[in-house]
Amino acid sequence: MKNAATKPINPCDIRAVANFYAAQLQLCCPHSPTSYPHARRVHAHMTTSGFKPRGHILNRLIDVYCKSSHLVFAQQLFDKIPQPDIVARTTMLTAYSASRKPDMALEIFNTTPLRIRDTVFYNAMITTHCHNDDGHAAIELFRGMRREGFPPDNFTFTSVLSASALVADRETQCQQLHCAVVKSGTGLVTSVVNALISVYVKCASSPLVSSSSLMGAARKLFDEMPVRDELTWTTIITGYVRNGDLDTACRVFEGMEEKLVVAWNAMISGYVHHGFVSEALEMFRRMNLSGIKLDEFTYTSVLSACASAGLFLFGKQVHAYILRMEDKLLWDFSLSVNNALITLYWKCGKVDEARMIFNNMPVRDLVSWNAILSMYMSAGRINEARSFFIEMPERNLLTWTVIISGMAQNGLGEEGLKLFNQMKLEGLKPCDYAFAGAISSCAVLAALEHGRQLHAQLVRLGFDSSLSAGNALITMYARCGVVEAAHCLFLTMPFMDSVSWNAMIAALGQHGHGAQALELFEQMLEAEILPDRITFLTILSACSHAGLVNQGRSYFDAMYGLYGIRPDEDHYARLIDLLCRAGKFSEAEDAIQRLPFEPGVPIWEALLGGCRIHGNVDLGVQSAERLLELRPQHDGTYILLSNMYADVGRWDDMAKVRKLMRDRGVKKEPGCSWVEVENKVHVFLVDDTAHPEVQAVYNYLEELGMKMRELGYVPDTKYALHDVGSDQKQHGLSTHSEKLAVVFGLLKLPRGATVRVFKNLRICGDCHNAFKFMSKVVERDIVVRDGKRFHHFRNGECSCGNYW
């Protein structure tokens, strides 16, 4: 504005002054960094000179301020205009739309008189609704526009079709829109036809339509187009990819004369999304050999493929190629690629390397921070996850969901629930995934009442149809001992995936309903849900707990024979457990001999557990020796071996095992049991004296013991693992933690209520027998979950059928 300050201007010549300022404002290019400062200087000079701008000059100033992202100044100018014209109103509306402020844009639209509106103004508001993902509002406004007599143009149809793509889910809707385009005479306009193809493509993903017929209609439009642009090719290729027709997508791609970068990326991304990693990498190789400039979308898709397939070395080569070829990285390129690299490294187990990439990133966003948090949680590095969570400069709903779910998955249910409550206190409304994490925390803690409260909140908030929350609820109810509620929930879920079926099969198996678990598995196959590795783990466990040896063998053989799933060590361990529980040790030993790998901890644990049940001391000692070599600091092996010796009265050998345990500094995990009463968890240890009401528990236990003896109960002193007298053994049995917890529940819970007790270790054989008699004496259901499974005691019987 130096010229404006020195050039003489006649104040009386308003036209000359106005033309001068208009010429100055014409110098403000919309995207130039100097536009805003220059406009401010012009505006300031107007103010100091006393010139009052009107009409096109005001509109030009408002336009520059809007396009320079200074909406406050634009709004101030706009508010001072007594009667803004349609140009000013359209400019402000468009600016609010671009700034994601649809409510303010709608206010300007609604306060604009009908007599001054035009087609461009309607187009701007339709686009606003489209940007706000409100397709229904955009379509309704389009209908209103036509009712008021405003003729739609090419831009109108492009915008309203883009909005329709958000909501169209029926073939008739697509056909109606197609007819409207043809009648309008815009059927040969490339942008309009592109938008119409997009409607067909997106509607083809709806479960309410036949994707093949809609993709056929889209293809017909594509084939008849006189002119196709980059968007045309990308839209049709992406449509085939999205609907799983990769072969046709590939044929269209190969038919392109000039294969655009976007089309290459669409194909690579499609292969990655559908799990065709080798095809994605081959497409990447071809793209590179063709001399096509690779961009951030190419790299992120390829790195994602490497991460999902565990191809760390190939991914590392891509990383090296990026460092060598991309000298000057734009911030958005660097950000997206580095985020993909973090995911690659941590999913391939390179946690520290992933953190190094994060530390060296010139720019980070919330995706970067959440990726590192997810990495620490998945790796079980909880302390680092906690510290990182505290460091985060900002958090979103995903952040909270990751840490809540991570705590639950790592057995820290109480901390997961505390974080869930903290999230709500900070003003964030939990989504269904956050609820799923909190519900999983309840499953870890066996906090049934708290889980029920969360279920009620889910229903109230409308998340009860959520798949993730529904799956978490199945597991929660099952792990809290209410398998009936889990089954009822499963039967009423609107959608189910393999996780839902696996969770329910596992629940039935854990609760001793082996036959029902197998029946549900067959229903899963009838529903055309393919079993996965987890499915076979659950079904083998169900067979093991129910003694269904023949069925278990058959399912194990079907894993690879029918479904091409190679059994891993956990599957073999389930098979060994199945055979050993049934006392088929020769078969178990043969299976171990035929293993395609060296047997590890899970295999020997399964064998030792079976030997403990059937008293096979010699084989048990062999398996224990192997376990002590592989995992010398684990207390469970010493305890099982010690108990086996105690069962057969080899007290000297038992003492040697205990001494070895002390010499190696291995501490036994103390057995404890707990029961929830009035939203409070009461914990009991063996021979407990700390609980404030423990004396009342002992008194009632003695009273129950007398009635149980009248029905034939005799304490099984072989489970008193000390070389002492019979009376002392019986007293020791009466103070087991699970007995104290059950009796406390009988005392405190309402008459007729089921008593649900949870124990960290395997239930004692005498306690198991005692609870059968106890359930008959008190005429109440007693449910006990130990470290392996559930036992439902009712009227003198247990759901396990004494097979445990």
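The protein chain is annotated in an unreviewed UniProt entry as DYW domain-containing protein of Rhododendron simsii. For the protein chain, the Sequence similarities (unreviewed entry) comment in UniProt is given as "Belongs to the PPR family. PCMP-H subfamily."

Take the packing of aromatic side chains next. A complete count under the given rule lists 24 aromatic pairs for this structure. Each ring, one from Tyr 376 and one from Phe 388, has its centre 6.1 Å from the other, and the planes form 65°; the classification is edge-to-face. With Tyr 376 in helix α22 (residues 366-378) and Phe 388 in helix α23 (residues 382-391), this pair connects stretches of sequence that are 12 residues apart. Aromatic ring contacts, followed pair by pair, group Phe 109, Phe 121, Tyr 122 and Phe 150 into a single cluster. Directly above the ring of Phe 109 sits Arg 117, whose terminal nitrogen or CZ lies 4.3 Å from the centroid. Here Lys 259 stacks its cationic end above the ring of Phe 253, 5.6 Å away from the centre of that ring.

Within the fold, Pro 152 resides in the loop between α9 (135-147) and α10 (154-167). A residue is classified by how much of its surface remains accessible, and Pro 152, at 26% relative accessible area, is partly exposed. Taking the C-alpha atoms as reference points, Pro 152 and Asn 123, 29 residues apart in sequence, are found 8.4 Å from one another. Residues contacting Pro 152, with those up to four places away along its chain left out, are Thr 119, Phe 142, Met 145, Arg 146 and Phe 157.

Further remarks concern the sheet that holds strand β2 (residues 680-685). Read from one edge of the open sheet, six strands run β2-β1-β3-β4-β5-β6, paired in mixed fashion. Of all the strands in the sheet, the pair left with one neighbour each is β2 and β6 (797-798). Bridge count for strand β5 (residues 790-794) against β6 is two bridges, and the pairing is antiparallel. Its bridge partner lying in β6, Phe 793 is registered against Cys 798. Sheet strands touched by helix α42 (residues 737-748): β1 (672-677), β2, β3 (755-759) and β4 (782-785). Its angle to β1, the strand with the most contacts, is close to 10°.

This paragraph deals with the state of the cysteines. Going through the model one piece at a time under the given rule, you end up with zero disulfides. Not part of a disulfide, Cys 672 finds its nearest cysteine sulfur in Cys 767, a span of 14 Å.

Attention shifts here to the UniProt feature "repeat: PPR" (unreviewed entry) in the protein chain. When the UniProt feature table is mapped to this numbering, "repeat: PPR" (unreviewed entry) covers residues 118-152, 229-259, 260-294, 365-395, 396-430 and 497-531. Secondary structure across residues 118-152 divides into 74% helix and 0% strand, with the first and last C-alpha atoms of the span separated by 10 Å.

Relative to the 20 Å expected for 14 residues at 1.5 Å per residue, helix α26 (residues 432-445) spans 20 Å between its end C-alpha atoms, a close match to the ideal helical length. Residues of α26 that are buried: Asp 432, Ala 434, Phe 435, Ala 436, Gly 437, Ala 438, Ile 439, Ser 441, Cys 442, Ala 443 and Val 444. The elements touched by buried residues of α26 are α24 (397-409), α25 (413-425), α27 (448-461), α28 (467-479) and β4. Two residues or fewer past α26, Ala 446 is found with a positive phi of approximately 55°.

In this structure the tally under the stated criterion is 25 salt bridges. A salt bridge links Glu 605 to Arg 631, with the nearest nitrogen and oxygen atoms 2.2 Å apart. Separated by 26 residues along the polypeptide, Glu 605 in helix α36 (residues 601-614) and Arg 631 in the loop between α37 (617-630) and α38 (635-647) bring together distant segments of the chain. In this structure Glu 605 comes out as partly exposed when scored by relative accessible area, which is 33%. Each of Glu 140, Arg 143 and Arg 147 takes part in salt bridges that share partners, so that together they form one network.

Turning our attention to the side chain of Arg 355. On the secondary structure map, Arg 355 appears in helix α21 (residues 351-359). Non-local contacts of Arg 355, meaning those with residues more than four positions away in its chain, are made with Ile 372, Met 375, Tyr 376, Phe 388 and Glu 391.

On to the packing of α26 against α27, then. Axis separation between α26 and α27 bottoms out at 9 Å; the angle between their running directions is 160°. The orientation of α26 relative to α27 falls into the category roughly antiparallel. Read as a crossing pair, α26 and α27 show a hand that is left-handed. Note on element contacts: α27 touches α26 through His 450, Gly 451, Leu 454, Gln 457, Leu 458 and Leu 461, opposite Phe 435, Ala 438, Ile 439 and Cys 442. Split into classes, the residues belonging to the contact of α26 with α27 amount to seven nonpolar, three polar and no charged.

Most peptide bonds take the trans form, and the phi angle of most residues other than glycine is negative. Even without being glycine, Asp 133 reaches a positive phi, approximately 60°. In this fold, Asp 133 is placed in the loop between α8 (119-131) and α9. In this model, Glu 779 sits at a positive phi of 55°, which is unusual for a non-glycine residue. Inspection of the secondary structure assignment puts Glu 779 in the loop between α43 (765-778) and β4. Note on Glu 779: relative accessible area 72%, which makes it exposed.

Basis of the calculations
Residues numbered from 1 in each chain as written. Predicted model: local features only at pLDDT ≥ 70, side-chain atom pairs only at ≥ 80, totals over all residues. Heavy atoms only, no water. UniProt positions renumbered as here; feature names shortened; annotations may be inferred. Phe/Tyr/Trp six-rings, centres within 6.5 Å; stacked < 30°, edge-to-face > 60°. Helix = DSSP H or I, 4+ residues; strand = E, 2+ residues; numbered from the N terminus. Lys NZ or Arg CZ within 6 Å of the ring centre and 35° of its normal. Buried < 20%, exposed > 50% of the residue type's maximum accessible area, 1.4 Å probe, protein only. Contact = heavy atoms within 4.5 Å. Pairing = 2+ DSSP bridges. Axes fitted to C-alpha atoms, helices over the stretch in contact; angles between N-to-C directions. Disulfide = S-S within 2.5 Å. Expected span 1.5 Å × (residues − 1). Salt bridge = Lys/Arg side-chain N within 4 Å of Asp/Glu carboxyl O. Parallel < 35°, antiparallel > 145°, perpendicular 65-115°, else oblique. Left-handed = near helix turned anticlockwise from the far one by under 90°. Nonpolar A, V, L, I, M, F, W, Y, C, P; charged D, E, K, R; others polar.

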